[in-house]
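# Observations on chain architecture
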Amino acid sequence: MKEKKISWWALFKWAFVDNNDNSYTSEEKSRFYDRLAKQYFHRDRLAKFISDYTDNIFSNKDIKICERAGGSGIITKILYNNGYKNIRVSDLSESQLIVLKEKLTDIEIVVEDFNQIMSEVKDNSFDLIFQTGATRFMTKEGQITYIKEAARTLKDGGLLYWPVMWVEVPLALLKKGFKSPKTLSISIRKLLKKENLKVIDKSILIHGKLGLLTTTFLIIQKGNHQNIKPSSPLPSFQFLKAIQ
Ligand SMILES: C[S@@+](CC[C@H](N)C(=O)[O-])C[C@H]1O[C@@H](n2cnc3c(N)ncnc32)[C@H](O)[C@@H]1O
């Protein structure tokens, strides 16, 4: 059944009233976010980019993926439907994970704060780690922990995807002021370098109307490998299309 289109009015009301209104349960808010993220934030376009990029890099679908702050599972589901079944996904919000569990039942789902270490995860476990749209929810210290955890839990040669959404710059400043995590790709790169994680590729993705949703998509690798893609000093631009 086709999902009902959310009106612009409902979008503004959600942003300024409903999302801060305690009469809505967190599950209701998560369900609304799920529809909003597909219809207005075009996360499905980003998900397709992630899935296609992963197809181009990895030769098999058995790779172990770790998605953090996975929310209602928009990205997770597209990867899963494309054959990537070996996914560990986590989020801090149980209500987001309720929505995710309805879509995907046979993957590992964990309630977890991504500002903290993944104490039960062994070193060198994952081929790929990523989060989308959640940089602004990192604390300053948590962002360093997130990067150190990626360096620890990625296999040698494994990849970290970091979609740096431009809209997160003002959102982080509004939310956290001078306590904001780094939200510019140049600053995030510096943090990554300290942990010997190297940006090997980058694209600038435009996935919303009038370029309002623009993301610098960083591909980062653990270890000294040149076998994936030659790094280019200039990012490629891509206009992401709606998924049919
Ligand atoms: C904008 S949503 C993005 C969700 C999903 N990645 C997507 O692209 O649709 C941000 C997500 O970050 C989660 N989140 C916020 N703070 C977090 C934290 N400290 N640890 C883990 N997840 C967190 C929220 O619950 C929410 O699901």
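Only a predicted model underlies this, so the values are computations on that prediction, with no experimental measurement involved.

With that settled, consider the overall build of the protein chain. Along the protein chain, the regular secondary structure elements total eight helices and eight strands. Computed over C-alpha atoms, the radius of gyration of the protein chain comes to 17 Å, within 12% of the 18 Å expected from 2.2 N^0.38 for 244 residues, which places it in the range of a compact globule. Overall size of the protein chain, expressed as C-alpha extent along the three principal axes, is 50 × 40 × 35 Å. The buried share of the protein chain, taken over its 244 residues, is 37%.

Remark: helix H3 (residues 43-57) packs on helix H4 (residues 74-81), axes separated minimally by 9 Å, with the N-to-C direction vectors making an angle of 40°. Relative to H4, the element H3 is oriented oblique. For the pair H3 and H4, the sense of crossing is right-handed. Where H3 approaches H4, its residues Arg43, Asp44, Ala47, Lys48, Ile50 and Ser51 are matched on the opposing element by Ile74, Ile75, Ile78 and Leu79. Along the lines of polarity and charge, the residues of the contact of H3 with H4 split into six nonpolar, one polar and three charged.

Okay, helix H6 (residues 140-153) next. When the terminal C-alpha atoms of H6 are compared, their 20 Å separation across 14 residues agrees well with the 20 Å that a helix rising 1.5 Å per residue should span. Summarising the contacts, the buried residues of H6 are in contact with strand E1 (65-67), strand E4 (126-130), strand E5 (154-165), helix H8 (185-194), strand E6 (197-206) and strand E7 (214-222).

Here is what the cut-offs are and how they apply
Residues numbered from 1 in each chain as written. Predicted model: local features only at pLDDT ≥ 70, side-chain atom pairs only at ≥ 80, totals over all residues. Helix = DSSP H or I, 4+ residues; strand = E, 2+ residues; numbered from the N terminus. Rg over C-alpha atoms; globule rule 2.2 N^0.38 Å. Buried ≥ 20, exposed ≤ 12 C-beta atoms within 10 Å, placed from the backbone. Axes fitted to C-alpha atoms, helices over the stretch in contact; angles between N-to-C directions. Parallel < 35°, antiparallel > 145°, perpendicular 65-115°, else oblique. Left-handed = near helix turned anticlockwise from the far one by under 90°. Contact = placed C-beta atoms within 7 Å. Nonpolar A, V, L, I, M, F, W, Y, C, P; charged D, E, K, R; others polar. Expected span 1.5 Å × (residues − 1).

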